[in-house]
Amino acid sequence: GNSVTQMEGPVTLSEEAFLTINCTYTATGYPSLFWYVQYPGEGLQLLLKATKADDKGSNKGFEATYRKETTSFHLEKGSVQVSDSAVYFCALSDLGDTGRRALTFGSGTRLQVQP
Amino acid sequence: GAGVSQSPSNKVTEKGKDVELRCDPISGHTALYWYRQSLGQGLEFLIYFQGNSAPDKSGLPSDRFSAERTGGSVSTLTIQRTQQEDSAVYLCASSPPSGGTDTQYFGPGTRLTVL
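Described below are features of the structure shown in this document. The shown structure was predicted, so the numbers you read here are calculated from the model rather than taken from an experiment. (Residues numbered from 1 in each chain as written. Chains lettered and ligands numbered in written order. Predicted model: local features only at pLDDT ≥ 70, side-chain atom pairs only at ≥ 80, totals over all residues. Heavy atoms only, no water.)

**A short note on the overall build of chain B**
When its secondary structure is counted, chain B shows zero helices and ten strands. For chain B, the succession of helices and strands along the chain, N to C, is β-β-β-β-β-β-β-β-β-β. Overall, the C-alpha framework of chain B stretches about 40 × 30 × 25 Å when taken along its three principal axes. Taking all 115 residues of chain B together, the buried fraction comes to 47%. Relative to all contacts within chain B whose residues are 6 or more apart in sequence, the contacts with residues 24 or more apart total 54%. Summed over its atoms, the accessible surface of chain B is roughly 5500 Å², and 45% of this surface lies on carbon and sulfur atoms. Within chain B, one finds 10 positive and 11 negative side-chain charges whose respective centroids are separated by 4 Å. (Helix = DSSP H or I, 4+ residues; strand = E, 2+ residues; numbered from the N terminus. Buried < 20%, exposed > 50% of the residue type's maximum accessible area, 1.4 Å probe, protein only. Contact = heavy atoms within 4.5 Å. Areas by Shrake-Rupley, 256 points an atom, 1.4 Å probe, with all protein chains shown as cover. Lys, Arg positive; Asp, Glu negative; His and termini not counted. Charge placed at Lys NZ, Arg CZ, Asp CG, Glu CD.)

Here's what the structure looks like:
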């Protein structure tokens, strides 16, 4: 079956530090990959996505590259801000027999950015 | 336009009671998903509706859980004889019709507490 593994949190960084949150996946087909973010007290929001190998998703200074050879989709940002403090979820979507594209999520990584 | 809405935002109930959770997807979205977010289990898929097709119920944890989608729009998730382990945030997501890798848009969730 499908699975997503992401690094344990919390990750605590100082403002303007470089961020990497690791994510690796296992899938039977050719999944699309996503990063969702959940800010305190808010719902899940799509941060970025990539739909095929070597695609790079980017948004709000965050980037992630779909690496089929290493089955990874690591999230990076060059300079984090306090407002980036949130929980980040890596997820994949794979077309199953029923046509279902339900997301399989990682366990989430809490990021805390200190001023 | 309006996003996915869910009601109620919070629900406190006593063990053994039935509860109904409602989801209004984005207009025109044909796919609708229910997920559960709990401390012990992370984010789990529950059920999937696509147009007029039979729903994919493979993620429902027990026969106390059921869901319906009327007129291809609003969905109701029903939990009968609630148990304390049902306490979680129940999330609904919808996505537009397409053969591609559609992004899922999440509602704010319903926080269910079973006393």
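**Examining the interface of chain A and chain B**
Across the boundary between the two partners, chain A contributes 17 residues, which contact 18 residues of chain B. Of the roughly 1500 Å² buried between chain A and chain B on both sides combined, carbon and sulfur atoms contribute 54%. Inspection of the region where chain A meets chain B yields zero salt bridges. At the junction of chain A with chain B, the criterion picks out four residue pairs in polar contact (both at pLDDT 80 or more). Within the residue set of the side of chain A that touches chain B, elements represented by two or more residues are β5 (32-38), β6 (44-50) and β11 (103-105) of chain A. The class makeup of the residues in the side of chain A that touches chain B is eight nonpolar, six polar and three charged. (Buried area = accessible area lost by both parts, 1.4 Å probe. Salt bridge = Lys/Arg side-chain N within 4 Å of Asp/Glu carboxyl O. Polar contact = N/O pair within 3.5 Å; in protein donor to acceptor, adjacent residues only side chain to side chain. Nonpolar A, V, L, I, M, F, W, Y, C, P; charged D, E, K, R; others polar.)

**Overview of the pattern of salt bridges**
Evaluated as defined, the whole model comprises six salt bridges over all chains. A salt bridge links K52 of chain A to D55 of chain A, with the nearest nitrogen and oxygen atoms 3.4 Å apart. Across the salt bridge formed by D24 of chain B and R22 of chain B, the nearest N and O atoms sit 2.9 Å from each other. Residue class for D24 of chain B comes out partly exposed when judged on its relative accessible area of 23%.

**Structural notes on the sheet that holds strand β7 (residues 75-79) of chain B**
Residue and element names in this part refer to chain B. Taken together, four strands build an open sheet; the order of strands is β1-β3-β7-β6 and the sheet is antiparallel. Looking at which strands have only one partner, the edges of the open sheet turn out to be β1 (5-7) and β6 (65-69). Going across the sheet, the axis of each strand differs from the next one's by a mean of 15°, ignoring polarity. Sheet topology note: the β1/strand β3 (residues 19-24) ladder contains three bridges and is antiparallel. Each bridged residue has a counterpart across the sheet, and for S7 the counterpart in β3 is R22. (Pairing = 2+ DSSP bridges. Axes fitted to C-alpha atoms, helices over the stretch in contact; angles between N-to-C directions.)

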